[in-house]
Amino acid sequence: QQQVKQSPQSLIVQKGGISIINCAYENTAFDYFPWYQQFPGKGPALLIAIRPDVSEKKEGRFTISFNKSAKQFSLHIMDSQPGDSATYFCAASSLGGNEKLTFGTGTRLTIIP
Amino acid sequence: DAGVIQSPRHEVTEMGQEVTLRCKPISGHDYLFWYRQTMMRGLELLIYFNNNVPIDDSGMPEDRFSAKMPNASFSTLKIQPSEPRDSAVYFCASSFSGNEQFFGPGTRLTVL
């Protein structure tokens, strides 16, 4: 069964610190890896995504690091802010895009002052 | 654009009753997805459509669940009969040609 394993389940980081969320996958056919951000009472929204032809992608304070040989990828949030407090989901797809995403179980991130 | 619209936002029903969740995708989008979110299982894809045609329903938990998309601007997810274990938040999402999925606000279903 295609799975994406995400850790930690919850994370508390001080304001200004670095938040790191990790995901691992099994299916080597996965070729698209997005991260979604979800605020309470809202649906998830695409934050950043990467394809396996690069090892890192950065957008502002958010960076995805990708290790194809280890089948792992991670989200780094630099200079974490209280507004970043949300649930983050990693996901993967083998269709090159956003069709049929397999989601991780989510990480609840809390940024404290 | 108003985004993906889902109704109702909250639904409380009794075990055995029929439940119908509704979704209006973003105009022009050709993909529509139904997800279920629970604390235990996270976000699960139930079914998705392309150009109103069901492409993959392997995530539909059992025959009590059915989904239809009669036209490009409307889809329903029906549970009949409903059971307490169906309690969850159900999301609809749409996308254009496999690009970013846009999620609706969800329907919180409680089956007593």
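All figures in this text were calculated on a predicted structure; none of them were measured in a lab.

Q: Looking at this structure, how should I read the interface of chain B and chain A?
A: How big an interface is tends to be stated in terms of accessible area lost as the parts join. The partner chain A presents 15 residues to the 18 residues of chain B that form the contact. Together chain B and chain A conceal approximately 1,400 Å² of surface at their shared face, both sides included; 55% is due to carbon and sulfur atoms. Taken together, the connections running from chain B to chain A amount to 1 salt bridge. The salt bridge involving Asp56 of chain B is made with Lys100 of chain A; its shortest N-O contact spans 2.4 Å. Applying the counting criterion to the chain B and chain A interface returns 2 residue pairs in polar contact (both at pLDDT 80 or more). Only β4 (31–38) and β5 (42–50) of chain B provide two or more residues apiece to the side of chain B that touches chain A.

Q: When you look at the pairing of strand β8 (residues 74–79) of chain B in this model, what are you seeing that I'm missing?
A: Remark: a regular strand shows side chains that alternate across the two faces of the sheet. Residues and elements named next belong to chain B. Relative to β8, strand β3 (residues 19–24) runs antiparallel, the two sharing 5 bridges. Paired with Val19 across the bridge in β8 is Ile79. Pairing geometry for strand β7 (residues 65–71) and β8, over 5 bridges, is antiparallel. Bridge pairing in β8 links Ser66 to Lys78. With antiparallel pairing between neighbouring strands as the criterion, β7 and β8 make up a hairpin whose turn holds 2 residues.

Q: What should I look at first to understand unusual backbone geometry in this one?
A: In terms of backbone geometry, most residues other than glycine have negative phi values and most peptide bonds are trans. Residue and element names in this part refer to chain A. Residues Ser7 and Pro8 are joined by a peptide bond in cis, for which omega reads -5°. Examined against the element boundaries, Pro8 turns out to sit in the loop between β1 (4–7) and β2 (10–14). Phi at Lys71 is positive, roughly 55°, even though this residue is not glycine. By relative accessible area, which is 26% here, Lys71 ends up partly exposed.

Definitions and cut-offs
Sequence order sets the numbering: in each chain, residues are counted from 1 along the sequence as written. Ligands are numbered from 1 and chains lettered from A, in the order in which they are written. In keeping with the predicted nature of the model, local features appear solely for residues at pLDDT of at least 70, side-chain atom pairs appear and are counted solely at 80 or more, and the whole-chain, interface and lining totals rest on all residues. Processing note: side-chain calculations cover all non-hydrogen atoms of the structure and skip hydrogens and water entirely. Should any heavy atoms of two residues lie within 4.5 Å, those residues are counted as being in contact. Values labelled buried area give the accessible surface lost by two parts on being combined, using a 1.4 Å probe and summing over both. The salt bridge definition used is simple: a Lys or Arg side-chain nitrogen within 4 Å of an Asp or Glu carboxyl oxygen. Polar contact is the term for a pair of N or O atoms within 3.5 Å; when the atoms are in protein, one must be able to donate a hydrogen and the other to accept it, and sequence-neighboring residues count only if both atoms are side-chain atoms. Numbering of helices and strands starts at the N terminus; helices are DSSP runs of H or I of at least 4 residues and strands are runs of E of at least 2. Pairing between two strands is assigned when DSSP locates at least 2 bridges connecting them. The buried label applies to any residue whose accessible area, calculated with a 1.4 Å probe on protein chains only, is under 20% of its type's maximum; exposed applies above 50%, and partly exposed to all values in between.

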